[in-house]
Amino acid sequence: MIRIEKKEDCCGCSACVEACPAHCIRFEEDEEGYRYAKADPDRCTECGLCEKICPVLNRRPSRRENTHVYALRNRDEEVRRASSSGGVFSLLAEKTIAAGGTVFGARFDAQFDIVHDGADTLEEIVRFRGSKYVQSDMGDCYPRVRKLLKEGKPVLFSGTGCQIAGLKGFLRREDPNLTCVEVACHGVPSPAVWHRFLAEQRTEAENAVGVPARLEHFSFRDKSNGWKRYRVSARYSGPQGETILSEPFFRNAFMRGFLRNLFIRPCCHACPVKNFTSGADLLLADYWGVDRCHPEMDDDRGTSLAITLTPRGEEILHAVEDEFVAQPSTLDCALAMNQAIVCPERRPAARDRFFRMIRQESVSTTVARLTRTPFLKRLRKKAGKLATRLGLKTGKR
Ligand SMILES: Cc1cc2nc3c(=O)[nH]c(=O)nc-3n(C[C@H](O)[C@H](O)[C@H](O)COP(=O)(O)OP(=O)(O)OC[C@H]3O[C@@H](n4cnc5c(N)ncnc54)[C@H](O)[C@@H]3O)c2cc1C
Ligand code: SF4
Ligand code: SF4
Ligand code: SF4
């Protein structure tokens with residue numbers, strides 16, 4: 001029977017919850033807003049299935065030796081603009097729909113919670129486009145995938161590495177109709193912190209117009225100022241019209257806290273699926289550092305890093321090759337600026353303080369306090385910039 005001794009021992013994939021034949025495992029939310037599997041010992045039959053399929057207890061071998069690496073850009077500029085990186089996910093999703101298949105991915109629901117869902121039409125897959133930096137609720141997606149595969153239908157399942165490892169554990173067999181696309185994963189923020197942040201932002205929007213406002217659209221990766229200096233943008237509507245709140249990612253409290261690891265899931269600091277061990281066919285990421293390795297592929301509108309991990313991954317990429325601009329690359333180049341693909345993020349000392357402080361303060365105030373650059377460091381940075389401008393020091397190239 002599954003027993004979560006330490007929070008690092010459960011990534012919340014939901015495989016055991018869905019697979020338990022006695023239906024005696026449920027999720028319980030902790031004080032940080034993450035859900036953990038909890039089995040009822042009175043109903044457990046000790047069949048051992050949960051322990052056999054849990055991705056934290058059962059690590060897969062690395063597929064590092066079989067990789068092929070590419071820098072890619074979707075030729076459709078509209079789709080690329082709306083995607084986080086080079087828009088490769090949308091190409092694969094469209095191909096799957098054209099073949100009569102179903103695509104699984106993460107979307108916002110009506111309350112702007114992040115949920116995993118399946119889609120059978122081109123209109124529906126648009127909702128999966130773009131990264132949502134919050135742990136998604138898998139719902140009943142694993143049993144839905146199993147049912148579709150049993151019917152012989154093609155399925156493209158996208159998600160974080162642990163969600164893919166969870167699905168593979170749940171299915172317990174390979175299926176030629178299943179393609180798994182992993183998104184590189186820095187870690188997943190707490191849904192509860194996301195909720196708090198949204199409530200604070202809504203108040204800000206309402207204060208701006210003096211009347212209730214309704215969130216209509218949220219983008220974690222608004223590229224209107226470029227891919228590298230992306231913005232975080234939200235559109236609210238109210239009786240007075242629309243209010244747009246938009247700021248560079250490095251000023252946005254939620255993104256600052258996320259990127260400084262103040263509220264990613266404990267398991268992410270000991271991620272069980274780094275280094276190509278999720279079982280996915282293909283891994284997609286931002287090609288950070290493409291300007292150094294393949295400057296011709298960088299127009300600051302988004303370049304994807306695609307790493308194929310199986311012949312199936314290579315096959316689905318080739319099936320859409322007319323629709324993207326491609327440049328073969330190497331793992332060394334790909335990983336130089338994206339260590340998140342192979343190494344878990346460290347757990348900062350400030351993480352515990354963050355969760356203590358938000359009991360009294362807003363998310364924005366807490367993040368601002370915990371990520372403030374010390375005065376002396378700021379002073380040194382300013383002096384360095386001034387020296388460069390005056391020609392006393394050469395700038396960084
Ligand atoms: C939580 C998270 C952390 C990430 N960390 C990194 C990183 O450190 N380095 C890096 O290079 N890339 C990271 N990415 C991946 C990157 O942001 C892009 O999603 C990826 O490059 C695909 O981009 P695209 O342009 O091809 O398609 P897009 O349309 O931008 O991507 C959409 C895909 O992301 C999936 N997705 C969106 N939100 C979630 C979610 N909450 N949970 C699971 N799947 C989701 C959708 O299902 C779909 O498959 C992260 C993504 C997420 C969701
Ligand atoms: S051992 Fe079997 S019955 Fe018990 S919790 Fe695990 S899957 Fe359920
Ligand atoms: S990691 Fe997944 S399978 Fe393992 S205990 Fe947590 S929810 Fe269950
Ligand atoms: S960092 Fe690892 S454990 Fe955390 S959500 Fe991403 S894939 Fe899962």
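Note that the coordinates shown come from a computational prediction; the quantities given were computed from them, not determined experimentally.

Moving on, we come to the overall build of the chain. Secondary structure summary: the chain contains 15 helices and 13 strands in total. In terms of overall dimensions, the chain is globule-like: its C-alpha atoms have a radius of gyration of 22 Å, near the 21 Å expected for 397 residues. Reported as C-alpha extents along the three principal axes, the dimensions of the chain are approximately 70 × 50 × 45 Å. Scored against the burial criterion, the 397 residues of the chain give a buried share of 41%. A separation of at least 24 residues holds for 69% of the contacts in the chain among residues at least 6 apart in sequence.

This part takes up the site of ligand 3. Taken together, 14 residues lie near ligand 3, and Cys10, Cys13, Cys16, Ala37 and Cys54 sit nearest. The dominant element in the shell around ligand 3, judged by the number of residues it contributes, is helix 1 (residues 15-19), at three residues. Across the shell around ligand 3, the residue classes break down as eleven nonpolar, three polar and no charged.

The antiparallel open sheet is built from three strands, whose spatial order is 8-9-10. Edge positions in the sheet fall to strand 8 (214-222) and strand 10 (241-248), since each has one partner strand and no second. For this sheet the average axis-to-axis angle between neighbouring strands, irrespective of direction, equals 10 degrees. Running over the sheet, helix 8 (residues 191-209) touches strand 8, strand 9 (231-238) and strand 10 and is turned about 125 degrees from strand 10.

In the neighbourhood of ligand 4, the contacting residues comprise Cys11, Thr160, Gly161, Cys162, Cys185, Gly187, Val188, Arg265, Cys267, Cys268, Cys271 and Val273. Taken together, the residues of the shell around ligand 4 sort by class into eight nonpolar, three polar and one charged.

The tendency in soluble globular proteins is for nonpolar side chains to be buried as a group. Cys16, Cys50, Phe157, Leu283, Leu284 and Ala306 are the most contacted members of the largest nonpolar core, which has 90 residues in total. Looking at this core element by element, the count peaks at six residues for helix 4 (residues 88-98).

Next up on the list: the pairing of strand 3 (residues 68-74). The buried count for strand 3 comes to five of seven residues, which makes it a mostly enclosed element. Of the pairings in the sheet, the one linking strand 3 to strand 12 (residues 304-308) comprises five bridges and is antiparallel in character. Across the sheet, the residue bridging to alanine 71 is leucine 305, located in strand 12. Relative to strand 13 (residues 324-329), strand 3 is paired through six bridges, and the arrangement is antiparallel. Its bridge partner lying in strand 13, asparagine 74 is registered against phenylalanine 324.

For interface size, the figure often reported is the accessible area lost on association. Entries for the chain in the domain assignment read domain 1 (7-53), domain 2 (64-189 + 264-341) and domain 3 (191-260 + 349-387). For domain 1 and domain 2, the distance between their C-alpha centroids amounts to 26 Å. Counting residues at the interface gives twelve residues for domain 1 and 17 residues for domain 2. Examining the composition of the side of domain 1 that touches domain 2, we find that three residues originate from one element, helix 1, more than from any other. Along the lines of polarity and charge, the residues of the side of domain 1 that touches domain 2 split into seven nonpolar, two polar and three charged.

In spatial order, the strands read 5-4-6-7-11-12-3-13; together these eight strands make up an open sheet with mixed pairing. The strands lining the two open edges of the sheet, one partner per strand, are strand 5 (114-119) and strand 13. Taken pair by pair, the neighbouring strands of this sheet meet at an average axis angle of 25 degrees, ignoring direction. Each of strand 4 (102-108), strand 5, strand 6 (155-159) and strand 7 (178-183) is contacted by helix 6 (residues 141-150), which is oriented at about 160 degrees to strand 6, the strand it contacts most. The strands touched by helix 7 (residues 161-171) within the sheet are strand 6 and strand 7, with strand 6 carrying the most contacts at an inclination of about 135 degrees.

Scoring rules and cut-offs
Residues numbered from 1 in each chain as written. Chains lettered and ligands numbered in written order. Predicted model: local features only at pLDDT ≥ 70, side-chain atom pairs only at ≥ 80, totals over all residues. Helix = DSSP H or I, 4+ residues; strand = E, 2+ residues; numbered from the N terminus. Rg over C-alpha atoms; globule rule 2.2 N^0.38 Å. Buried ≥ 20, exposed ≤ 12 C-beta atoms within 10 Å, placed from the backbone. Contact = placed C-beta atoms within 7 Å. Near = placed C-beta within 6 Å. Nonpolar A, V, L, I, M, F, W, Y, C, P; charged D, E, K, R; others polar. Pairing = 2+ DSSP bridges. Axes fitted to C-alpha atoms, helices over the stretch in contact; angles between N-to-C directions. Core = buried A, V, L, I, M, F, W, Y, C linked by C-beta atoms within 7 Å. Domains from an automatic or database assignment.

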